[in-house]
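Below, each chain spelled out in residue letters.
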Amino acid sequence: MPTCRRKRVVLTQPSESLLRALKSNPSRDVFYLQQTGEIFETYEAYAARMSFYRLKQFQCEVTGKSGLDYFQALSSERSEAETLHSRFSEPLKPAILKAVQFQVVGRLDHLVESVYERFKDRYYKGEKVLIDLNGIKYYGVVHTVYPPKYSTDVAARDANKPDVDGVEQGTSRPIDNEEPHQIYDDLKTPVKEVNARDDPFLYYYWVLLTELERDKSDKSKGSKPSDGAEMIGSLMEVQCGRMSRDRLSFSKSILRRFIRDCVDRDAAVASPWTVKPAIAQKYGVISSMTEDTRNNVEAIKKGEHDKRKKVWEDKDGPPNKKHKKMTAAQEEKAKAAALKRDREAQEKLDQQRIAREEAERIAAEKKKKKPIRYPTEDLDVRLTDKDLKAGMKLKRPVPTSHALPFNHHSGLFESFLMAWNFMVVYGQPLHISPFTLDEFEHAIKHTDVDMPCSLLAEVHSTLIYNLRTVPFARHSAVLSLLQRKDHLQSDGMEDEEYFGVNTDQLSAAMSDIGNNWERVPLRHSEGREGWEEALIGCLKDHATRENFPRMREILTKLLFAPDPNETPAPHNTSPSSSRAPSPLEPTPPPQRLSAISTPRERYMNLPVHDRIAILSFMVNLAISSKAIHQHMESCEEQLTSLRKEKIEVNRTKKQYLEEMNVLMGEAKEEPVDEDGRMEDPSDMSDVPASDNGSDSGKSKKGTSKSKDLRQKAQLQAHSKQREAARAKQASAKQAMAEHRRLDEEVNKLERRLEAIEREFRKLLGGVRVKPMGKDRFYNRIWWFDGLGSASLVGSGGATQYGAGRVFIQGPSEFDLELMMRRTDDEVPVQIRRLEEEGQEGMLGPGDWAVYSEIDELEQFIAWLNPKGHREIALRQALSKWWIHISAGIRRRMQDLNVHAKLPEARRSARTKIAPDITREPYMMWTNRRAINPT
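Residues numbered from 1 in each chain as written. Predicted model: local features only at pLDDT ≥ 70, side-chain atom pairs only at ≥ 80, totals over all residues. Heavy atoms only, no water.

A. Quick peek at the overall build of the chain. In terms of regular secondary structure, the chain is built from 31 helices and 18 strands. Among the 934 residues that make up the chain, the fraction classed as buried is 37%. In the chain, the share of contacts with a sequence separation of at least 24, taken over all contacts with a separation of at least 6, comes to 75%. Split by element, the accessible area of the chain, about 56900 Å² in all, is 52% carbon and sulfur. (Helix = DSSP H or I, 4+ residues; strand = E, 2+ residues; numbered from the N terminus. Buried < 20%, exposed > 50% of the residue type's maximum accessible area, 1.4 Å probe, protein only. Contact = heavy atoms within 4.5 Å. Areas by Shrake-Rupley, 256 points an atom, 1.4 Å probe, with all protein chains shown as cover.)

As structure tokens, then:
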């Protein structure tokens, strides 16, 4: 049985209500878990149990493997059990199981040790053994076992000796009815005592030799394979000293696994080991205790309980001795002594309690005084008065929710954002150029039939081309609708009508449209003409009611139009009334759709939420295509090479910086004197003046000569000094030139590192899109620019953006539940969120908001507290990409201001001119990556 946290997993038993329903309502629907046989009353209980089984926290009890789910652990146990039972000696199994049945042994290790010592020298009929004959080992099968009473009677053994030819005939002999090895008593009995009663060394065995043992290590000894082959097929009489078992079939580890798989034990003290009922029945082991066995087990249990009781009594004090009958005075004295002892014991307990409370108080004070090591859990960090005085903000700037497109219905903006991000990230395998989120928003809102939108056509066409490679079932949508109709009719209900169109009418309208969608060429040069009909074909072959719940509603709107003869009912066109209908219960339009139309005419009348639903469905299918998977693998390979290149560039940069530091150190140690001044030779003369004129006259010639020599030497020294100064100056100039060269190389490497980071972000977006981080309340921060096929920097260093904003997504349900579980906080999380986020800034699961201006984002970064784990990581990520984030926001604001519609001058109503949308950015977008199919 698999274990979870070292405890066996107990299967769920049917509830009392289910057991009662078995009698009163046998046909009641229940939820059945086939792998375990468990039955559940509700789907929630079934799903919770299945989720528990899918957790990677189970352990195989046989092999000890951990980190498995329940079914993997169960499969591992069954596989190991099959291998174990196939290896373990079959004739030995019933003997061992009889020996361990109802044995009271504390630990499994001790049980295994006792069984091994008893059976290691005892062999049974039919058991495969190894026989050692003069150094040559044979495999053999035990044919006959002779108990010790035959040990001295050679004639009796020879009389029962079978013929070689009769070995397999199974003839009955008296010796075959005698059961050997009667050792099934208490395993606590010493082995020596058991062997004294039934000595295994007095047993004789007739063994049939079947083959030689194959030992690969004997090749170097030169023994021929034919040595001893003549003994094969003969019967040999041997004793246990020449016999042994294969270690793969009998060893302590194998025996431990076999016993653990076959026996069980209750959790009560001194409970006996019992063989599992199914195994006991298979091997003929008695499952019910005899009266003697039960009395022995009860005696052992009582002894164990008495032993434990004595231990506890010894802790409380020595056991009371029996005293003789006391007089009244002695009784009074004993009572007084008992009261005194009780009083002293109570005082001692009070002192211990007071000491314990004092120790707890001191420990609590130390814990309060203990400094917190930052960063720590974000919700444990609270702003102090010192932080507020330092300028830190208590309340987070409120992000905008109404500025998000299509955010009037829960989940609609998220589907829109997912579709845009998929098209931009995987633009290379889809062969579509990147476009901004604003351009995609306006394209989704485009409704002018006379002016086709190239962006809409390219997005749908690239997805259609991609979905041609995804397996599909022909006419799956029609079959799904017909199955729904048959199900309703079998229940006695009429066919459903959507907008006045029944299933047969919709199926008939779908039958002739888009049948060859996977072969129709949607050429870029022809404006992707026919993509609307191909879209119908794609939905017809890929969609079902299960994977696309709104399929019928959308197909009806694409294939049917209102009758022009009918008067349309008035309806509110305010933004509040344009909320998308529920996918499960679509809200019908104000009039019936009775006229058959074409998808090309009807798509521009399709509501925004239906267009997003189509794109979301197609994107979910396209993610499994071969082209996308190949692109992901290519991104992984490029990421690996970029990691290696980044390591090499950093190593080279470090080397250059070290060389620069060495050059700067040498320049500081040896300053250069560029003037190279030379002292006056007359100042350097060291000839002393003489007062005696005659002495001066006599030494005039000698003094003049020495003076010339000194001047010449000084001139030579000064010349060498100037040459050395020039050499130093040249060396310094060379060092400075080398320093400048290295500085330029370092700048190049830093620019390359920046490019690697940008490329790394692009490729990582092609594998998985991750948020920038989370704030203290687990709100996720997203920045989508520069992912996949999009780039942050264009040609010439121009700024490029995709969304040009930073989005905030509310915490997930799991994170929200995690926050709500915090009960030790002084201020509850919900109140703290009101204080620090505000009522209008609190986001729930699935809610989105946005920061569109740099001032708001700067205030948000200043609000982040670097003392928390999540917020310091988020702050570092935003700081790392701040240059590109701020540049993208500025560029988007500039583009919005350029293309903003200025208020027109007041004109006459007769000269009203419709606005020209051909100059809008989304209408001017072109697909530079398009490939025209041949």
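B. Layout of a nonpolar patch on the surface. A contiguous nonpolar surface patch, about 260 Å² in accessible area, is contributed by Val 30, Tyr 32 and Ile 39. Take Val 30: it is sitting in the loop between α1 (16-24) and β3 (31-33). Judged by its relative accessible area of 36%, Val 30 falls in the partly exposed class. (Patch = residues over 30% accessible without salt bridge, like charges linked within 9 Å, V, L, I, M, F, W, Y side chains within 5 Å. Salt bridge = Lys/Arg side-chain N within 4 Å of Asp/Glu carboxyl O.)

C. Inspection of the sheet that holds strand β1 (residues 3-4) at higher detail. A sheet is described by the order of its strands in space; here three strands give the open sequence β2-β1-β5, paired in antiparallel fashion. In this open sheet, the two strands that pair with only one neighbour each are β2 (7-8) and β5 (58-59). Pairing of β1 with β2, which is carried by two bridges, proceeds in the antiparallel orientation. Bridge pairing links Thr 3 to Arg 8 in β2. (Pairing = 2+ DSSP bridges.)

D. Highlighting the side chain of Arg 528. For Arg 528, the position within the fold is in the loop between α18 (503-511) and α19 (531-542). Only 2.9 Å separates the side chain of Arg 528 from the side chain of Glu 458, close enough to count as a polar contact. If we skip the residues at most four places from it in the chain, Arg 528 touches Ala 457, Glu 458, Ser 461, Tyr 465, Leu 522, Arg 523, Asn 927, Ala 930 and Ile 931. (Polar contact = N/O pair within 3.5 Å; in protein donor to acceptor, adjacent residues only side chain to side chain.)

E. Structural context of the sheet that holds strand β17 (residues 806-809). Reading across the sheet, the four strands line up as β15-β16-β17-β18 and stay open at both edges, with antiparallel pairing between neighbours. Two strands in the sheet have a free side with no partner beyond their single neighbour: β15 (773-774) and β18 (848-851). Alignment of strand β16 (residues 780-782) against β17, held across three bridges, turns out to be antiparallel. Across the sheet, the residue bridging to Trp 782 is Phe 807, located in β17.

F. Highlighting the pattern of salt bridges. In this structure the tally under the stated criterion is 51 salt bridges. Between Arg 833 and Glu 837 there is a salt bridge, with its nearest N and O atoms 2.8 Å apart. Per residue, the accessibility class of Arg 833 equals that of Glu 837, and both read buried. Connected via shared salt-bridge partners are Arg 396, Asp 775, Arg 833 and Glu 837.

G. Structural view of the packing of helix α20 (residues 551-559) against helix α22 (residues 608-622). Viewed as axis vectors pointing N to C, α20 and α22 meet at an angle of 115 degrees, and their least axial separation amounts to 11 Å. Note that α20 runs across α22; the crossing there is left-handed. Between α20 and α22, the residues in contact are Glu 553, Ile 554, Lys 557 and Leu 558 and His 609, Asp 610, Ala 613 and Ile 614, respectively. For the contact of α20 with α22, a count of residues per class yields four nonpolar, one polar and three charged. (Axes fitted to C-alpha atoms, helices over the stretch in contact; angles between N-to-C directions. Left-handed = near helix turned anticlockwise from the far one by under 90°. Nonpolar A, V, L, I, M, F, W, Y, C, P; charged D, E, K, R; others polar.)

H. Local environment of the packing of aromatic side chains. Inspection of every chain in the model, using the stated rule, returns 35 aromatic pairs. Between Phe 422 and Tyr 426, the ring centres sit 5.1 Å apart and the planes meet at 55 degrees, which makes this aromatic pair tilted. With respect to burial, Phe 422 and Tyr 426 carry one shared label: buried. Counting every residue linked through ring pairs, the aromatic cluster contains Phe 406, Phe 413, Phe 416, Trp 420, Phe 435, Phe 440, Trp 782, Phe 784, Phe 807, Trp 848 and Trp 925. Residue placement shows Arg 761 over the ring face of Trp 881; its charged tip is 5.6 Å from the ring centre. (Phe/Tyr/Trp six-rings, centres within 6.5 Å; stacked < 30°, edge-to-face > 60°. Lys NZ or Arg CZ within 6 Å of the ring centre and 35° of its normal.)

I. Layout of the pairing of strand β6 (residues 128-133). Bridge count for β6 against strand β7 (residues 136-146) is six bridges, and the pairing is antiparallel. Within the sheet, the bridge partner assigned to Ile 131 lies in β7 and is Tyr 138. Counted between consecutive antiparallel strands, the loop separating β6 from β7 contains two residues, among which Asn 134 sits at a positive phi close to 55 degrees. Judged from the two bridges that link them, β6 and strand β10 (residues 243-244) form a sheet pairing that is antiparallel. The partner of Leu 130 across the bridge, within β10, is Ser 244.

J. Fine view of the side chain of Asp 775. Along the chain, Asp 775 falls in the loop between β15 and β16. Judged by its relative accessible area of 0%, Asp 775 is buried. Within the local environment of Asp 775, its side chain forms a polar contact with the side chain of Arg 396, the two groups lying 3.5 Å apart. Once residues within four sequence positions are removed from consideration, Asp 775 is found in contact with Arg 396, Glu 837, Trp 863, Leu 864, Arg 870, Glu 871 and Leu 874.

K. Region of the structure containing helix α16 (residues 454-467). Between the first and last C-alpha of α16 there are 20 Å, a value that for 14 residues agrees with the 20 Å anticipated at 1.5 Å per step. Leu 455, Leu 456, Ala 457, Glu 458, Val 459, His 460, Ser 461, Thr 462, Leu 463, Ile 464, Asn 466 and Leu 467 are the residues of α16 that are buried. (Expected span 1.5 Å × (residues − 1).)

L. Geometry of the environment of Arg 484. Within the secondary structure, Arg 484 is located in helix α17 (residues 476-490). Look at Arg 484 and you get partly exposed, because its relative accessible area is 24%. Between the C-alpha atoms of Arg 484 and Thr 503, which are 19 residues apart in sequence, the distance is 9.1 Å. The residues contacting Arg 484, other than those within four sequence positions of it, are Glu 496 and Arg 545.

M. How the structure looks around the packing of helix α28 (residues 854-863) against helix α30 (residues 882-899). Put simply, α28 and α30 touch, their axes get as near as 10 Å, and they point 150 degrees apart. Looking at the two axes, α28 sits roughly antiparallel to α30. On α30, the residues touching Ile 854, Leu 857, Glu 858 and Ile 861 of α28 are Trp 882, Ile 885, Ser 886, Ile 889 and Arg 890. (Parallel < 35°, antiparallel > 145°, perpendicular 65-115°, else oblique.)

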